[in-house]
Amino acid sequence: MLRRPTVRRALLLGCGLQLFQQLTGINTVMYYSASIIQLAGVRDVSLAIWLAAVTAAVNFVGTLVGLVLVERLGRRPLTLASLLGAALSLLLLAGGFLLNAAESPPVVAPPGSPDCDRANCAGCQAAGVTNGSCLPFVSPANASAAGGACSAPGLVWAADWCPASRSWLAVLGLCLYLICFSPGMGPMPWTVNAEIYPAWARGTGSGLAASCNWLANLAVSLTFLTLVHALGRAGVFFLYAGLAAVGWNVFFRWLPETRGVPLEDMAVLFGGDGDDPPLSEDDHGADGLLQEDPLEPPDDGQFEE
């Protein structure tokens, strides 16, 4: 495959589509959607789980919309619009976290606890008053604090979330992200990869691109919580938004429109002149150049009687 320039370009494009599908954070959003919603300030665990189910349903419906539009609008417009919308939605999601952080109460470390992690919001709420504190948990369920004012009955112990009045903003950004992502960058990488390779390389090319997808999926999923700790809740989504913007620029330049192009003519989109046949070892000499059949005279355009 790599010795054919047209197939090599197609493979780079196919792998790039699969990489950027994951680098924009889609499976992080799907895997950690309930946690993201709680981090945004939704206190009720059951509500967070139901909202996560809503986001999954939005992703499913959006994918169906993409299947309807793929032959009407084309692969390229759907991909570019999807990446642009995903980048803007991730900026909204990150902005929601920034506003929540600005409104969160300051965390007060008790005496003798210099190592208290002030980046994590933990507080108790009573009669509309929110108090930031850094205290040990009384149980793994984080139902209340082990001591201090936040251990009093009737108070809401916010161990895993920051009380915020604009938690809906991050949830809105999350839903808009899935609405924008699912019709385009959800199915389009798979659709384009099924079309751009010649028949003899289609299985290998699609397999390599799928491997890139799952490797990127693994990397993004494993690093999400580490990035949240290192960059903050807003910072990690700013990072994903930046990667989506990079992907938009890459595909704006290199992604051709494949709608309506016969499979045997896909090579033309990548600089070829038709369906590239596979290269066999018999077609090449020791120097790698194409050799003529020794049993056939060279065709010089002249015929002898």
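Draft legend 1. Quick peek at the packing of helix H1 (residues 5-23) against helix H8 (residues 202-254). Taken N-terminus to C-terminus, the directions of H1 and H8 make an angle of 25°; their axes are 2 Å apart at the nearest point. Considering their axes alone, H1 and H8 lie roughly parallel with respect to each other. The interaxial crossing formed by H1 with H8 has right-handed handedness. Its residues placed into classes, the contact of H1 with H8 shows 17 nonpolar, nine polar and no charged.

Draft legend 2. How the structure looks around the state of the cysteines. This model, assessed by the stated rule, comprises zero disulfides. Cysteine Cys-15 shares no disulfide, and the gap to the nearest cysteine sulfur, in Cys-212, comes to 3.5 Å.

Draft legend 3. Representation of H8. Given a rise of 1.5 Å per residue, 53 residues ought to cover 78 Å, yet the end C-alpha atoms of H8 are separated by just 20 Å, more than 12% below that figure. The largest bend in H8 is about 115°, located at Leu-231.

Draft legend 4. Seen up close, the nonpolar core. Residues Tyr-177, Phe-237 and Phe-251 are the most contacted members of the largest nonpolar core, which totals 44 residues. Only H1, helix H2 (26-31), helix H3 (33-39), helix H4 (45-73), helix H5 (75-103), helix H6 (167-181) and H8 provide two or more residues apiece to this core. Sort the elements by how many residues they give to this core and H8 lands first, with eleven residues. The contacts of Tyr-177, once residues within four sequence positions are left out, are Thr-24, Gly-25, Ile-26, Val-29, Ala-86, Ser-89 and Leu-90.

Draft legend 5. Up close: the pattern of salt bridges. A full pass over the atoms with the stated rule returns two salt bridges. Between Glu-71 and Arg-75 there is a salt bridge, and its shortest N-O distance comes to 3.0 Å. Classification of Glu-71 as partly exposed rests on a relative accessible area of 47%. Its salt-bridge partner being Glu-195, residue Arg-75 comes within 2.4 Å of it at the nearest N-O pair. Linking Arg-75 in helix H5 with Glu-195 in the loop between helix H7 (188-193) and H8, this pair joins segments that are 120 residues apart in sequence. Per residue, the accessibility class of Arg-75 equals that of Glu-195, and both read buried. Connected through shared salt-bridge partners, Glu-71, Arg-75 and Glu-195 make up one network.

Draft legend 6. The side chain of Ser-89, seen in detail. Along the polypeptide, Ser-89 turns up in helix H5. A polar side-chain atom of Ser-89 sits 3.5 Å from the main-chain amide nitrogen of Tyr-177. When residues no more than four places from it in sequence are discounted, the contact partners of Ser-89 are Gly-173, Leu-176, Tyr-177 and Cys-180.

Draft legend 7. How the structure looks around a nonpolar patch on the surface. On the surface, Phe-60, Val-61, Leu-64, Val-65 and Leu-67 cluster together into a nonpolar patch covering about 460 Å² of accessible area. Counting through the fold element by element, Leu-64 comes out in helix H4.

Draft legend 8. Fine view of the confidence of the model for the protein chain. Counting all residues, the mean pLDDT for the protein chain is 77, and 67% of those residues have values of 70 or more. Across the protein chain, the element-wise mean pLDDT spans from 43 in strand S1 (residues 123-126) up to 94 in H7. Taken as a whole, residues 113-131 scores under 50 in pLDDT and shows 48 contacts with residues more than four places along the chain or in a different chain. The low-confidence segment residues 281-305 (pLDDT under 50) makes eleven contacts with residues lying over four places distant or belonging to another chain.

Criteria and thresholds
Residues numbered from 1 in each chain as written. Predicted model: local features only at pLDDT ≥ 70, side-chain atom pairs only at ≥ 80, totals over all residues. Heavy atoms only, no water. Axes fitted to C-alpha atoms, helices over the stretch in contact; angles between N-to-C directions. Helix = DSSP H or I, 4+ residues; strand = E, 2+ residues; numbered from the N terminus. Parallel < 35°, antiparallel > 145°, perpendicular 65-115°, else oblique. Left-handed = near helix turned anticlockwise from the far one by under 90°. Nonpolar A, V, L, I, M, F, W, Y, C, P; charged D, E, K, R; others polar. Disulfide = S-S within 2.5 Å. Expected span 1.5 Å × (residues − 1). Bend = angle between axes of the 7 residues up to and from the residue. Core = buried A, V, L, I, M, F, W, Y, C linked by side-chain atoms within 4.5 Å. Buried < 20%, exposed > 50% of the residue type's maximum accessible area, 1.4 Å probe, protein only. Contact = heavy atoms within 4.5 Å. Salt bridge = Lys/Arg side-chain N within 4 Å of Asp/Glu carboxyl O. Polar contact = N/O pair within 3.5 Å; in protein donor to acceptor, adjacent residues only side chain to side chain. Patch = residues over 30% accessible without salt bridge, like charges linked within 9 Å, V, L, I, M, F, W, Y side chains within 5 Å. Areas by Shrake-Rupley, 256 points an atom, 1.4 Å probe, with all protein chains shown as cover. pLDDT = per-residue confidence, 0-100.

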